[in-house]
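# Coordinates in review
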Amino acid sequence: MYLYLVTAAVWVYVLVFYGLFKGTRCLSPAWLKGKTVVVTGSNTGIGKSTALELAKRGARVILACRNKEKAEAAAFDIRSESGNPQVVFMQLDLASLKSVRSFAETFLKTEPRLDILINNAGVVGPGCTEEGFDLAFGVNHLGHFLLTNLLLERLRLCGPSRVITVSALLHRIGSIDFQRLAPQTDGVPPQSAWSSLQAYCNSKLCNVLFTRELANRLEGTDVTCYTLHPGVIYTELCRNLSQWLQLLLMPLAKLFLLDPSGGCQTTLYCALQEGIEPLSGRYFSSCALQQVGANGRDDGLAKKLWEVSERLTGMA
């Protein structure tokens, strides 16, 4: 009797673990030989897992990262595991608009194709970018906004192509105060943990609105775009906690939170799934279409954010 109970408990755990907590899997059979993909923030976490899966499908993968040492190590790992030698690092610091422009210039000179752009990199925490913007807003939104626009013509030329921007469920509690988006000129202001979290939520709302307006502007072209919630990822949730709290939470986190491989599945779905082109501009989670929060459906807000972002990046 005891053996039956243990067996039943194991099966219940397996069903819950893989059916609920570990999320759904991208089942697309798409092969990417001859295609080029750029993945920002791909030296660790879900970005690295995304790059690995795309490399396994034959793509030429550009790891667009800030830290050269970590990115080159990640490129080596991905080449070794995938058997694909076409995985290379290119320097990109999204906290510097100068670096974004330099990356785009180098990429356009050296790479003839761009089929998929994955805006994956993200930060949460206090601080400012090189130009004085709030760190979360500058990296998570403004840097990706500029990068996408600088590479957009190449995406058009290689269509059908896609732009994927990783947002988060927390966009639902985000808001945008346009008066506070201007760069700081008098140093970095103090920022509480709550303020840093709210700034992150605001930046994730920007990701949703950016994708919505980008889709409107790309209507009638062969470029489509999507945004997504990757799930709650163990590495992202726990890496900034104190060591003792990590040890306390690790058993539960290992049981119930997504690992990077599970967290990249919706990104892969948006990048690879056939037939979702009519859903350009929409938001996905667990490899399925989802509704965004009320602010994320505001076309007027999306258009204003685009216009302000153009001005702040010098694109206007």
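Above this text you will find the structure in question.
Cut-offs used in this document
Residues numbered from 1 in each chain as written. Predicted model: local features only at pLDDT ≥ 70, side-chain atom pairs only at ≥ 80, totals over all residues. Heavy atoms only, no water. Helix = DSSP H or I, 4+ residues; strand = E, 2+ residues; numbered from the N terminus. Expected span 1.5 Å × (residues − 1). Contact = heavy atoms within 4.5 Å. Core = buried A, V, L, I, M, F, W, Y, C linked by side-chain atoms within 4.5 Å. Buried < 20%, exposed > 50% of the residue type's maximum accessible area, 1.4 Å probe, protein only. Phe/Tyr/Trp six-rings, centres within 6.5 Å; stacked < 30°, edge-to-face > 60°. Polar contact = N/O pair within 3.5 Å; in protein donor to acceptor, adjacent residues only side chain to side chain. Axes fitted to C-alpha atoms, helices over the stretch in contact; angles between N-to-C directions. Parallel < 35°, antiparallel > 145°, perpendicular 65-115°, else oblique. Left-handed = near helix turned anticlockwise from the far one by under 90°. Nonpolar A, V, L, I, M, F, W, Y, C, P; charged D, E, K, R; others polar.

This part is about helix H4 (residues 97-110). The terminal C-alpha atoms of H4 lie 20 Å apart, and with 14 residues this matches the ideal 20 Å at 1.5 Å per residue to within 8%. Looking at the packing, one finds that the buried side of H4 touches strand E1 (36-40), strand E2 (60-65), strand E3 (87-91), helix H5 (135-157) and helix H11 (299-313).

In this section: the nonpolar core. Counting 45 residues, the largest nonpolar core has Val38, Phe103, Phe107, Leu117, Leu151, Ile176 and Leu214 as the members making the most contacts within it. For this core, the secondary structure elements donating two or more residues are E2, H4, H5, helix H6 (193-218), strand E6 (223-229) and H11. In terms of residue count, the dominant contributor to this core is H5 (10 residues). Sequence-distant contacts of isoleucine 176, that is, excluding residues within four places in its chain, are made with Leu181, Leu205, Cys206, Leu209, Leu301 and Leu305. Membership of the second largest hydrophobic core comes to 34 residues, among which are Ala59, Phe89, Tyr226 and Cys287.

Moving on, we come to the packing of aromatic side chains. Overall, the coordinates contain 7 aromatic pairs when judged by the stated rule. Ring geometry for phenylalanine 103 versus phenylalanine 107: centroids 6.1 Å apart, planes at 20 degrees, classification stacked. In this pair, phenylalanine 103 and phenylalanine 107 are both assigned in helix H4, 4 residues apart and thus about one turn of the helix distant. For the pair phenylalanine 103 and phenylalanine 107, a shared accessibility class is recorded, and that class is buried. Arranged with centres 4.8 Å apart and planes meeting at 75 degrees, the rings of phenylalanine 145 and tryptophan 306 form a pair that is edge-to-face. Residue phenylalanine 145 is located in helix H5, and its partner tryptophan 306 is located in helix H11; the two are separated by 161 residues in the primary sequence. In terms of burial, phenylalanine 145 and tryptophan 306 fall into one category: buried.

The peptide bond linking glycine 159 to proline 160 adopts the cis configuration, its omega dihedral lying at 5 degrees. Examined against the element boundaries, proline 160 turns out to sit in the loop between H5 and strand E5 (161-166). Of note in the backbone geometry, serine 286 takes a positive phi value of approximately 55 degrees without being a glycine. If you trace the backbone, serine 286 turns up in the loop between strand E7 (283-285) and strand E8 (288-290). Backbone geometry at cysteine 287 places phi at a positive 55 degrees, although glycine is not the residue there. When you line up the elements, cysteine 287 lands in the loop between E7 and E8. Here cysteine 287 falls in the buried class, since its relative accessible area comes to 12%.

Moving on to the side chain of histidine 229. Turning to its location among the elements, histidine 229 is positioned in strand E6. Only 3.0 Å separates the side chain of histidine 229 from the backbone nitrogen of leucine 169, close enough to count as a polar contact. Aside from chain neighbours lying at most four places away, what touches histidine 229 is Ser167, Ala168, Leu169, Thr266, Tyr283, Phe284, Ser285 and Ser286.

Moving on: the packing of helix H2 (residues 45-56) against helix H10 (residues 265-272). Contact geometry for H2 and H10: axes closest at 9 Å, N-to-C directions at 45 degrees. What the angle tells us is that H2 and H10 run oblique. Relative to H10, the crossing made by H2 is right-handed. In contact with Thr50, Glu53 and Leu54 of H2, H10 contributes Thr267, Leu268 and Leu272. Considering only residue class, the contact of H2 with H10 consists of 3 nonpolar, 2 polar and 1 charged.

Where H5 contacts H11, the axes come no closer than 10 Å and their chain directions differ by 85 degrees. One element, H5, and the other, H11, form an angle in the roughly perpendicular class. The segment H5 lies against H11, with Phe137, His141, Leu142, Phe145, Leu146 and Asn149 engaging Leu305, Trp306, Ser309, Glu310, Leu312 and Thr313. For the contact of H5 with H11, the class distribution of residues is 7 nonpolar, 4 polar and 1 charged.

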